[in-house]
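Notes for the structure review
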Amino acid sequence: MKPSFTLKELSRLLDVPVQGDDSIRIDGLATLKRAGPGSLSFLTNPRYAHQLAECRASALILHPDQASSVTVPCLLSRAPYVTYARASQLFFSLASDSADQPQEALVHASAVVDVSASLGKGVSVGPQAVIESGAVIGDGCRIGAGSVIGRDSHIGNEVVIYPNVTLYHGVSVGDRCIIHAGTVIGADGFGFAFDGQRSVKIAQLGSVRIAADVEIGAGSCVDRGALDDTVIEEGVKIDNQVQIGHNCVVGAHTVICGCSALAGSTRVGRYCVIGGGVGITGHLSICDKVTVSAMSMVTQSINKPGLYSSGTLLQESGQWKRNAVTLGKLSELSRRVKKLEQVLPNEPHEPGN
Amino acid sequence: MKPSFTLKELSRLLDVPVQGDDSIRIDGLATLKRAGPGSLSFLTNPRYAHQLAECRASALILHPDQASSVTVPCLLSRAPYVTYARASQLFFSLASDSADQPQEALVHASAVVDVSASLGKGVSVGPQAVIESGAVIGDGCRIGAGSVIGRDSHIGNEVVIYPNVTLYHGVSVGDRCIIHAGTVIGADGFGFAFDGQRSVKIAQLGSVRIAADVEIGAGSCVDRGALDDTVIEEGVKIDNQVQIGHNCVVGAHTVICGCSALAGSTRVGRYCVIGGGVGITGHLSICDKVTVSAMSMVTQSINKPGLYSSGTLLQESGQWKRNAVTLGKLSELSRRVKKLEQVLPNEPHEPGN
Amino acid sequence: MKPSFTLKELSRLLDVPVQGDDSIRIDGLATLKRAGPGSLSFLTNPRYAHQLAECRASALILHPDQASSVTVPCLLSRAPYVTYARASQLFFSLASDSADQPQEALVHASAVVDVSASLGKGVSVGPQAVIESGAVIGDGCRIGAGSVIGRDSHIGNEVVIYPNVTLYHGVSVGDRCIIHAGTVIGADGFGFAFDGQRSVKIAQLGSVRIAADVEIGAGSCVDRGALDDTVIEEGVKIDNQVQIGHNCVVGAHTVICGCSALAGSTRVGRYCVIGGGVGITGHLSICDKVTVSAMSMVTQSINKPGLYSSGTLLQESGQWKRNAVTLGKLSELSRRVKKLEQVLPNEPHEPGN
């Protein structure tokens with residue numbers, strides 16, 4: 001039978017009041033468009049308010065201001081999106097209880113755990129995983145199949161590491177972090193000294209320190225520091241295929257979207273939002289509460305909170321080409337305009353202009 | 001001895017006629033430049049026609065219009081590039097027969113296959129691979145070493161999964177798909193609700209549905225949906241290090257080149273070609289038969305088939321810098337030009353201009 | 001006890017003279033700012049010279065020209081950064097001796113090594129690693145946990161392969177190469193022939209040849225060639241998440257920073273520096289000693305050594321938007337300026353302008 005909650009139970013678990021019949025059973029979440037009997041839906045974007053009329057959900061998460069017009073039972077929340085997020089976690093853990101929690105031995109027989117490694121209470125280690133010497137893993141952690149936890153790394157409590165993740169030696173990961181599949185933490189930073197003939201490797205003697213409540217997506221990399229550590233502060237959320245160079249510091253609660261990259265020794269402040277595909281060059285400092293739009297190129301430090309962008313807009317290719325070629329002569333064009341201005345009166349003759 | 005075909009055999013297998021001696025043996029494919037005795041070469045780009053003269057290949061794949069001038073035996077094809085592609089598959093399978101097909105037990109002794117998983121006929125599971133509970137794997141699939149197939153995932157027939165791939169729970173993959181090493185399918189989409197203090201995780205309750213004949217390169221990621229599924233339609237080809245956000249839909253037979261990214265909930269049509277390093281922001285809709293050139297930034301929906309671009313052309317850095325700085329004042333420059341126009345006659349005085 | 005060297009030992013090992021007391025013990029490296037008793041620091045960038053005064057290091061690596069003013073013992077080097085790099089390697093190997101070198105059997109009991117594979121002297125194979133049939137691995141190599149070495153691949157001496165790396169069949173890797181976690185070498189190049197209905201796969205029959213002293217970061221991909229091989233020449237250094245397309249040739253001692261991509265069949269010369277996030281389209285030729293700045297788009301061959309750039313500078317988003325929109329009409333703006341010039345005298349009237 002499908003896991004479910006009554007609206008009354010959800011009201012208590014989510015700490016929001018109910019409007020209407022709280023005895024109905026809810027067995028899942030759905031968008032306004034897809035919702036059917038048994039589902040709980042939500043309105044987080046006024047743009048979709050028109051969909052409320054034909055929505056077939058059994059209940060809704062709504063802002064009190066929107067609830068008056070609605071006849072189906074509602075959970076009233078001043079932050080419907082946050083309430084939806086919390087609800088999604090309830091249905092996730094419900095679904096997971098039967099599946100993600102290992103039924104058999106917590107440490108799979110095929111896993112290799114070094115005798116000198118220390119595992120906390122209720123730690124599960126998946127098939128083919130490797131825990132190297134001296135690693136310390138806190139209570140309730142889940143180490144995915146095929147993941148490798150390097151020697152002397154230190155993992156907090158309730159950390160979830162998905163399959164085929166690699167942690168190099170000496171990396172530390174805080175409580176409740178989530179690291180997705182294929183991600184690599186603690187590989188060597190990219191440092192070489194050119195001796196005139198060849199690149200001489202600079203051994204990367206620092207490590208990586210990841211604070212609590214950080215999530216890192218799939219296929220991302222956080223390099224270890226050259227001498228000091230690379231630092232990811234608490235609550236940072238990093239998407240897939242993000243690259244964090246050696247000795248970067250990412251401030252608490254900053255969000256970095258997919259395919260972005262921070263070159264070495266750059267500091268990003270707290271509560272920043274770095275869009276997808278953004279590149280930030282090395283040794284820069286970005287202050288708190290800066291938002292950088294997708295695919296921007298950041299080559300200078302930012303000292304003022306705000307919204308920043310770069311890049312050129314998409315065009316039909318023929319037109320783009322003409323403009324791109326002209327752009328190659330832009331400073332000259334500017335000089336030509338200046339010259340024209342010098343031979344002309346500053347103000348138009350026509351009255352009213 | 002090296003595997004080989006007679007030209008007659010190739011003619012039959014590739015369903016194209018021979019011009020000249022069909023008894024000669026072909027033991028491999030080569031470019032016009034590198035071809036030697038025993039090799040089959042091809043002309044797919046007229047730009048290289050001049051190389052035909054000194055080409056040492058034993059046979060050629062040519063368009064009938066080009067074959068008249070040629071003395072070596074030929075396979076005549078109105079689509080030489082497609083015929084070359086089909087020929088390459090013949091030589092590949094010939095080479096693979098002895099190697100890729102497992103000699104020993106189909107399921108390697110070191111693999112971990114959950115008792116509740118179901119494997120079709122002739123499935124090979126590589127060393128250290130993991131097949132979790134409830135997974136269903138069709139006939140003739142090959143699961144690479146160290147790959148992890150999540151619980152309740154469903155894989156069709158004749159699917160090839162290379163080593164160290166991760167499929168999360170509940171992912172479905174259609175017949176004849178190919179997934180290259182290190183790729184991650186079904187990791188959580190990047191969804192959080194900010195409560196004013198921190199990012200609250202939105203559990204990703206959807207999954208990923210990949211249709212038949214899809215190929216996905218190495219180190220790519222396709223995230224699972226928040227509520228509905230992320231969908232890759234039949235025949236889509238995705239290169240390396242591509243990121244597909246949650247709830248995206250990629251239309252049938254679309255090609256996405258390396259390092260491109262689709263942010264969440266974007267829909268790309270059928271028969272599109274997305275160049276390398278392209279970024280497409282979220283919640284957009286791209287119609288069928290759109291081609292986007294490499295490294296373009298797509299921030300608006302596209303409703304008309306065609307070729308689109310963005311980005312700026314490479315220049316010597318000094319010149320680039322001058323233009324880039326001027327670009328920062330471009331709208332002002334435009335206003336200045338407008339002003340100049342207002343104080344001037346619209347037409348040049350000089351006759352003939 | 002912490003590993004350490006006397007300054008005299010370091011002088012001999014690094015082949016640089018000492019100024020001052022060479023009997024002091026050095027137990028680590030540190031930046032001028034973080035250095036304390038027992039640490040060796042260095043000045044490689046004059047910009048930090050002011051930090052020498054309050055630096056608490058026990059010794060310094062300095063250029064002779066800077067050493068006169070300094071009272072602490074010094075290692076005098078005409079290339080302080082290179083000397084620092086060499087010193088970092090000494091401290092790394094010191095730290096590693098006890099840890100990285102396997103204590104137990106060189107080939108871990110859980111590793112799967114095909115009977116037909118050949119391992120050199122002192123090769124260590126980590127837990128859950130897989131060495132396929134016909135692979136040849138040179139002396140002193142270290143194969144990381146969970147890595148897969150494909151059949152008939154050939155690895156030189158003293159190669160370090162970190163965990164969860166995948167080498168496809170027939171790949172060759174030169175002496176002293178380092179390949180970081182999650183990287184994939186030899187996956188199929190992205191080649192298809194469109195038959196009007198669907199993309200027909202072009203089997204990738206070439207391989208990858210990596211010369212000696214190459215380092216490749218984490219999460220990178222080097223695709224195998226279609227017919228000929230993809231080639232990485234000696235001393236090339238490749239950062240994380242770099243994509244090298246099929247049939248590319250990367251010249252000796254070139255450096256490619258993170259998240260850059262080379263599309264198929266492009267040739268990059270020797271001693272080039274490709275910044276981070278750079279995209280180079282296919283079939284181009286870049287000559288020796290070219291530097292391309294971060295996030296540049298390269299769509300044409302480069303025949304002259306030098307520094308090249310593209311991209312637009314970051315701005316406050318409102319201002320960026322205005323300029324980006326004007327850029328969309330730039331060629332028209334240029335025509336309007338030309339028109340203005342036609343109706344005007346070429347030289348300003350005002351004397352002195």
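Here the structure is a predicted model, which means the values were calculated and not measured.

1. Regarding the pattern of salt bridges
- If you walk through the whole model with that rule in mind, you get 30 salt bridges over all chains.
- The closest approach of N and O atoms between Arg176 of chain B and Asp213 of chain B, which form a salt bridge, is 2.7 Å. Taken together, the residues span a long stretch of sequence, with Arg176 of chain B in the loop between strand S18 (172-173) and strand S19 (178-179) and Asp213 of chain B in the loop between strand S23 (208-210) and strand S24 (215-216) at a distance of 37 residues.
- Assessed through its relative accessible area of 44%, Arg176 of chain B is described here as partly exposed.
- Across the salt bridge formed by Asp229 of chain C and Arg209 of chain C, the nearest N and O atoms sit 2.9 Å from each other. Here Arg209 of chain C lies in strand S23 (residues 208-210) and Asp229 of chain C lies in the loop between strand S25 (221-222) and strand S26 (230-232), a separation of 20 residues in the sequence.
- Here Arg209 of chain C falls in the partly exposed class, since its relative accessible area comes to 42%.
- In the salt-bridge network here, residues are joined through shared partners; they are Asp188 and Lys201 of chain A together with Glu215 of chain C.

2. Some points on the interface of chain A and chain C
- Each partner contributes to the interface: chain A provides 73 residues, whereas chain C provides 74 residues.
- Of the roughly 5,900 Å² buried at the junction of chain A and chain C (both faces included), carbon and sulfur atoms supply 64%.
- Per-residue buried area on chain A facing chain C is highest for Phe190, Leu227 and Met297 of chain A; these three make up 12% of the total on that side.
- Counting the contacts that link chain A with chain C gives 4 salt bridges.
- A salt bridge links Arg34 of chain C to Asp228 of chain A, with the nearest nitrogen and oxygen atoms 3.8 Å apart.
- Our enumeration of links across chain A and chain C arrives at 26 residue pairs in polar contact (both at pLDDT 80 or more).
- Taken together, the elements giving at least two residues each to the side of chain A that touches chain C come down to strand S21 (192-194), strand S22 (199-201), strand S37 (297-298), strand S38 (306-309), helix H4 (317-327) and helix H5 (330-342) of chain A.

3. Side note on the relation of the copies chain A and chain C
- Taken as rigid bodies, chain A and chain C are interconverted by a rotation of 120° and an axial shift of 0.0 Å, the fit giving an RMSD of 0.0 Å. Such values leave the two copies arranged in the relation of a three-fold axis.

Calculation rules
- Residues numbered from 1 in each chain as written.
- Chains lettered and ligands numbered in written order.
- Predicted model: local features only at pLDDT ≥ 70, side-chain atom pairs only at ≥ 80, totals over all residues.
- Heavy atoms only, no water.
- Salt bridge = Lys/Arg side-chain N within 4 Å of Asp/Glu carboxyl O.
- Helix = DSSP H or I, 4+ residues; strand = E, 2+ residues; numbered from the N terminus.
- Buried < 20%, exposed > 50% of the residue type's maximum accessible area, 1.4 Å probe, protein only.
- Contact = heavy atoms within 4.5 Å.
- Buried area = accessible area lost by both parts, 1.4 Å probe.
- Polar contact = N/O pair within 3.5 Å; in protein donor to acceptor, adjacent residues only side chain to side chain.
- Least-squares fit on C-alpha atoms with pLDDT ≥ 70 in both.

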